[in-house]
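# Tertiary structure, described
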Amino acid sequence: MAIVERHKQELERSAAPRDRAPSVIEFRGVSKNYGPTNGGLETASFSIQRGEFVFLVGSTGSGKSTLMKLLIKEIEPTAGTIRVAGRDLSEITRKKVPYYRRNIGIVFQDFKLLPDRTVYDNVAYALQVTGSSRKEIRAKVPDILRLTGLATKLHSFPDQLSGGEQQRVAVARAFVNHPPLLLADEPTGNLDPETSVGIMQLLYRINRTGTTVLVATHDATMVDRMRRRVLELHQGRLVRDELDAQYARADMNTAEFGALLREPSPEPKRGPQADRQRERDAAREARDEFDDIFPTDERP
Amino acid sequence: MKPAFFIKEAMRSISRNAIPSFAAMASVLVTVLVLGVFIPVVQATTGAANEVRGRVLVDVYLKKDATQTDIARVQALLRDKVAHVGKVAFVSKAQAYAQEKKRNPEAYQLLGANPLPDTFRVTPDTPDNVLKLRDALAPAGVAGGRTPVDASIEQVKNRKDETTKILTATRVVKLAMGGLAILLIVASVLLISNTIRLSLFSRRREVEVMKLVGATDSFIRWPFVIEGVVLGALGGVAAVALLGVGKIALLDPLSADFALIAAPQTIGFGLLAVVLLVASVGVSAAGSSISLRKFLRV
Ligand SMILES: Nc1ncnc2c1ncn2[C@@H]1O[C@H](COP(=O)(O)OP(=O)(O)OP(=O)(O)O)[C@@H](O)[C@H]1O
Ligand SMILES: [Mg+2]
């Protein structure tokens, strides 16, 4: 039974791209040179499937933020093609870029909060740009702020918040739209271990709702403990792509997940097959929702 | 919801950026104030200069024995044949006599008969052409004297020294005023656009962030444009109010004494106020949206 399952999965993975749903993210030979000497990213090729939780690691200057910026079309690649949900980013016109970005939640390395807006207004802005009604905003914003533990800070301005609190606001803003893809650039950058775990738990919780999550970090030990897929960059080159996800139990609740992160050296844990099947079903549901937002013409 | 949202955004940003907002408003105010004083001054000056230039003319004196047919012939000649003729006014012997007698009764009392000839006062089409007109009426001969174009013309005369003085003086005045006006307009546009650019520059990061979280250009631009309109209108209204106070307190009491200040050529206050308001609102709105364009390229 288990062998059959795994075989099926393998088949799915090796099938031609046209036969299955497009990857959420697909990089094909993507390079970004900032100048003759500053290489940002060099011929990176990889793809990320729906519902995956992927870490992007590498030392400082290895090109993680560059990759994130490429994904939101803040910068253009010098070579190669990037596809998001099957769509070639180079085909998105300048006018369409804002609409494209609304499908992606981004936690910036430097937060990028609007300095003259309160926590509430910062998060609400992400909804306002999409033309959401006031009613919708009043319904969604307090919810996400409660989820990120900011319920008492609604009316503070960013400069009145601690670094960790600002980071939480950034996460809340990135996720308030419930985007199908969430990018987090060093979301635990300068935080103490306990707060880092809190943010990671939050991202994990978001991932469990079906959102594809890509987290850039240079905290390699934390990543190794989490047993997730890891992409490693070194001086702009992709040097590691390990699918560790299969070793982690996918249906842990958030508390267990946090406990796992705090363990000194966790043993690889194998989840029962039934649980994995359940996860796949959940992911498929999320996928359908994703298709509504990212319509592609590549599917039959 | 949208217009209300944009207006709210603009107000929020004005109150959160009080100092740059005040600076923008003040620069509009100063500019409008200076323009508001300068426009009537330029108008009055050029009007006065033009009026003086209008006095430049050529007198065509006819021979004493010119008959009615001679007069008609010369008139036709002036009207149809000679270049650069603007207006032609005929002053008959009798009219000239009456005029001069009124001006200088004693002298004319002594004269028995009327010594004055029939005269055409010819105004050139433009004041600068006055010498050409004279040459056309009485071309310089080879020997140096001038021969009038018609046998019954005794003499063609322009009030020589006066004419050239008037022409050069008024030309200098007009050029200076034109130059000042251009400088002032350039300075105003630079001042306002620079103030706007400075206040936008400090918010460049904000615009960048807005773009990165998926705001469209127009979504970002509208609050800025509304902000520009509001600040421009505030500055403009304040300046017009100050101008109004100045007019009532300073100018109106004086105008009873000085004819020049009440010169009819200057723009009416109401029209001036409207022009200034429209210009201040327009320039600051256009200025914000043009300056913003650069920052929107993220
Ligand atoms: N705008 C830019 N102009 C020139 N060089 C740049 C620019 N942005 C990044 N670089 C260079 O590209 C390389 C990769 O930068 P990137 O920001 O992607 O690193 P990173 O992996 O995010 O590092 P960190 O972990 O410190 O955030 C660095 O060497 C950097 O100096
Ligand atoms: Mg980085």
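The preceding data block contains the structure.
Residues numbered from 1 in each chain as written. Chains lettered and ligands numbered in written order. Predicted model: local features only at pLDDT ≥ 70, side-chain atom pairs only at ≥ 80, totals over all residues. Heavy atoms only, no water.

## Focus on the site of ligand 1
Residue and element names in this part refer to chain A.
- Within the structure, ligand 1 sits among 14 residues, and Gly61, Lys64, Ser65, Thr66 and Gln109 are positioned closest to it.
- Measuring from a nitrogen atom of ligand 1, one finds a side-chain N or O atom of Tyr34 at 3.5 Å.
- At 2.6 Å from an oxygen atom of ligand 1 is found a side-chain nitrogen or oxygen belonging to Ser65.
- Burial of ligand 1 by the surrounding chains reaches 66%, relative to a free accessible area of 630 Å².
- For the shell around ligand 1, the secondary-structure elements that each account for two or more residues are strand S2 (39-48) and helix H2 (64-71).
- If you tally residues by element for the shell around ligand 1, the top one is H2, at 3 residues.
- Classifying every residue of the shell around ligand 1 by side-chain character gives 1 nonpolar, 11 polar and 2 charged. (Near = heavy atom within 4 Å. Polar contact = N/O pair within 3.5 Å; in protein donor to acceptor, adjacent residues only side chain to side chain. Areas by Shrake-Rupley, 256 points an atom, 1.4 Å probe, with all protein chains shown as cover. Helix = DSSP H or I, 4+ residues; strand = E, 2+ residues; numbered from the N terminus. Nonpolar A, V, L, I, M, F, W, Y, C, P; charged D, E, K, R; others polar.)

## Some thoughts on the interface of chain B and chain A
- Across the boundary between the two partners, chain B contributes 23 residues, which contact 24 residues of chain A.
- Each partner contributes to the roughly 2300 Å² buried at the junction of chain B and chain A, and carbon and sulfur atoms together form 54% of this total.
- Between the two partners, chain B and chain A, sit 6 salt bridges.
- At the surface where chain B touches chain A, the tally comes to 5 residue pairs in polar contact (both at pLDDT 80 or more).
- Looking at the side of chain B that touches chain A, the elements with two or more residues in it are helix H1 (2-16), helix H8 (204-212) and helix H9 (217-255) of chain B.
- Top element by residues in the side of chain B that touches chain A is H8(B). It accounts for 7 residues. (Contact = heavy atoms within 4.5 Å. Buried area = accessible area lost by both parts, 1.4 Å probe. Salt bridge = Lys/Arg side-chain N within 4 Å of Asp/Glu carboxyl O.)

## Some words on H2(A)
Residue and element names in this part refer to chain A.
- Across the 8 residues of H2, 7 count as buried, placing the element largely inside the fold.
- Taken together, the buried positions of H2 are occupied by Lys64, Ser65, Thr66, Leu67, Met68, Leu70 and Leu71.
- Positioned one or two residues after H2, Lys73 has a phi angle of 60°, which is positive. (Buried < 20%, exposed > 50% of the residue type's maximum accessible area, 1.4 Å probe, protein only.)

## Overview of the packing of aromatic side chains
- Taken as a whole and judged by the stated rule, the model has 7 aromatic pairs over all chains.
- Pairing A:Phe27 with A:Phe46 gives two aromatic rings, centres 4.8 Å apart and planes at 20°, and the pair type is stacked. With A:Phe27 in strand S1 (residues 25-33) and A:Phe46 in strand S2, this pair connects stretches of sequence that are 19 residues apart. Summarising the burial analysis for this pair, A:Phe27 and A:Phe46 share the class buried.
- One aromatic cluster is present, built from ring pairs that chain together A:Tyr125, B:Phe5, B:Phe6 and B:Phe219.
- Here the basic side chain of A:Arg228 rests over the ring of A:Phe53, its NZ or CZ set 5.9 Å away from the ring centre. (Phe/Tyr/Trp six-rings, centres within 6.5 Å; stacked < 30°, edge-to-face > 60°. Lys NZ or Arg CZ within 6 Å of the ring centre and 35° of its normal.)

## Some thoughts on the coordination of the magnesium ion (ligand 2)
- Bound to the magnesium ion (ligand 2) on the protein side are A:Ser65 (OG) and A:Gln109 (OE1), at distances that span 1.8 to 2.2 Å. Placement of A:Ser65 in helix H2 and of A:Gln109 in the loop between strand S6 (104-107) and helix H4 (119-128) is noted, with a sequence separation of 44 residues between them. (Donors = N, O, S within 2.8 Å, 3.2 Å for Na, K, Ca; no water.)

## Some remarks on the environment of A:Ser62
- Along the polypeptide, A:Ser62 turns up in the loop between strand S3 (53-57) and H2.
- Between the C-alpha atoms of A:Ser62 and A:Gly40, which are 22 residues apart in sequence, the distance is 7.3 Å.

## What about the pairing of strand S7 (residues 181-185) of chain A?
Residue and element names in this part refer to chain A.
- Most of S7 sits inside the fold, with 5 of its 5 residues counted as buried.
- Of the two faces of S7, the one lined by Leu181, Leu183 and Asp185 and the one lined by Leu182 and Ala184 are each fully buried.
- Direction of pairing for S6 relative to S7: parallel, over a ladder of 4 bridges. Paired with Gly105 across the strands is Leu182, a residue of S7.
- Here S7 pairs with strand S8 (residues 212-216) via 5 bridges, running parallel. Across the sheet, Leu182 pairs through a bridge with Val213, a residue of S8. (Pairing = 2+ DSSP bridges.)

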